[in-house]
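# Observations on the model geometry
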Amino acid sequence: MDKRGADKRGVDKGGSRAGRPVGNITRGTTNPNRMRRLDRWLTGTQAWRLRTAADPLVVDLGYGASPATAVELFDRLSVIRPDVRVVGIEIEPERVRLARELERPGLSFQLGGFELPVPGRPVLVRAFNVLRQYEEADVAAIWRLVQGRLAPGGLFIDGTCDEIGRRVTWVALDAERPLSLSLSMRFGSFVLPSEVAERLPKALIHRNVPGERIQLFLQAMDKAWLEAAPLASFGNRQRWTAMCRSLRDGGWPVQDGPSRWRLGELTVGWDAVAPG
């Protein structure tokens, strides 16, 4: 992927280097409301994790040049857990300095990287549009580093989206392993669902090739979407729901149900799409 503006030091896979944050300085581009689809999933299917957490600590890792999405995350999660603590972490000092002007009780900003320099273990860690600027070979070690910091029942979200959040994908991992891949798309922003491939997480974006599970899944999505074309007159929600149901009936481990599908969202078990 494009690495303009990235720090070329590379990633230390074992931890911080003499107290320095683990990671690279990335472009940091962002837009308000860009993460809304992922946040809707966190406050829906994953809300139980926050509600039952002994310590409602959440990390927004690599929030970028603007802290807008970290502020939005705090506002959205506060509805689920009023005592939530959201810490935005950035590796670039000036971004942290500017973000601290927006601190309030429950929302703070910290210099750091993948080592997660926060007291305690977070129940949720969100890293969006961060790893896509790294090398594919770095991903597994970074995943393990963050997974090792999670609280019991915690979740790490590694995701990617387009500039205004119309096409969004993310991998959800617990402390042990990747659990699922989610895709969320705005109706009207695509002709075929497989167009989301350009926004796959780094672990998968180079695997959309013959012989890989992710390509087979995207092809199955397109086939089911086309077969559901007669439902288009009833709206794209009905068509997408029919696509999801067809995939599940065809043996794909599609999760959740119509209440999520009608949002343009689809979650599938990780083993079905994992790199071969």
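Residues numbered from 1 in each chain as written. Predicted model: local features only at pLDDT ≥ 70, side-chain atom pairs only at ≥ 80, totals over all residues. Heavy atoms only, no water.

## Observations regarding the overall build of the protein
- Each helix and strand in the protein was counted, giving nine helices and eight strands.
- Scaling as 2.2 N^0.38, a compact globule of 276 residues should have a C-alpha radius of gyration of about 19 Å, and the protein matches this with 18 Å.
- Dimensions of the protein, computed from the C-alpha atoms along their principal axes, are close to 60 × 40 × 30 Å.
- Residues counted as buried form 55% of the 276 residues belonging to the protein.
- Of the contacts formed within the protein by residues at least 6 apart in sequence, a portion of 66% connects residues at least 24 apart.
- Looking at the protein, you have 41 positive and 32 negative side-chain charges, and the mean spots of the two groups are 2 Å apart. (Helix = DSSP H or I, 4+ residues; strand = E, 2+ residues; numbered from the N terminus. Rg over C-alpha atoms; globule rule 2.2 N^0.38 Å. Buried < 20%, exposed > 50% of the residue type's maximum accessible area, 1.4 Å probe, protein only. Contact = heavy atoms within 4.5 Å. Lys, Arg positive; Asp, Glu negative; His and termini not counted. Charge placed at Lys NZ, Arg CZ, Asp CG, Glu CD.)

## A few points about the pairing of strand S8 (residues 265-269)
- Across the five residues of S8, five count as buried, placing the element largely inside the fold.
- Burial of S8 is two-sided: the residues Glu 265, Thr 267 and Gly 269 facing one way and the residues Leu 266 and Val 268 facing the other way are all buried.
- Strand direction decides the pairing type here: strand S7 (residues 178-185) and S8, joined by five bridges, are antiparallel. Bridged to Leu 181 within S8 is Val 268. (Pairing = 2+ DSSP bridges.)

## Thoughts on the packing of aromatic side chains
- Applying the stated criterion to the full structure yields nine aromatic pairs.
- Taking the centre distance of 5.3 Å and the plane angle of 70° together, the rings of Tyr 63 and Phe 109 count as edge-to-face. Pair noted here: Tyr 63 is in the loop between strand S1 (57-61) and helix H3 (68-80) and Phe 109 is in strand S3 (residues 107-111), with a separation of 46 residues, a long-range link. No difference in accessibility class separates Tyr 63 from Phe 109, as the two residues are buried. (Phe/Tyr/Trp six-rings, centres within 6.5 Å; stacked < 30°, edge-to-face > 60°.)

## Examining unusual backbone geometry
- Residues other than glycine seldom take positive phi values, yet Leu 116 does so here, at roughly 55°.
- Among the secondary structure elements, Leu 116 is positioned in the loop between S3 and strand S4 (124-128).
- For Leu 116, a relative accessible area of 1% corresponds to the buried category.
- Of note, the phi angle at Asp 256 is positive, near 60°, even though the residue is not glycine.

## Re the nonpolar core
- Counting 52 residues, the largest nonpolar core has Trp 240 and Leu 266 as its most contacted members.
- A total of seven residues in this core trace back to one element, the largest contributor, which is helix H7 (residues 213-227). (Core = buried A, V, L, I, M, F, W, Y, C linked by side-chain atoms within 4.5 Å.)

## A few points about helix H8 (residues 236-249)
- Compared with the 20 Å implied by 1.5 Å per residue over 14 residues, the 20 Å span of H8 between its first and last C-alpha is a close match.
- Within H8, burial applies to Arg 239, Trp 240, Thr 241, Met 243, Cys 244 and Leu 247.
- Looking one or two places after H8, you find Gly 251, whose phi comes out positive at around 105°. (Expected span 1.5 Å × (residues − 1).)

## Considerations on the confidence of the model for the protein
- Confidence along the protein averages 92 in pLDDT terms, with 93% of residues attaining 70 or more.
- Overall, residues 1-18 carries pLDDT values under 50, and its contacts beyond four positions in sequence, including any with other chains, amount to 37 contacts. (pLDDT = per-residue confidence, 0-100.)

## Some details on the pairing of S1
- Among the five residues in S1, five count as buried, and that is most of the element.
- Taking every second residue as pointing to the same face, both faces of S1 are buried, with Leu 57, Val 59 and Leu 61 on one and Val 58 and Asp 60 on the other.
- By the bridge criterion, five bridges tie S1 to strand S2 (residues 85-90) in an arrangement that is parallel. Bridge pairing in S2 places Asp 60 opposite Gly 88.

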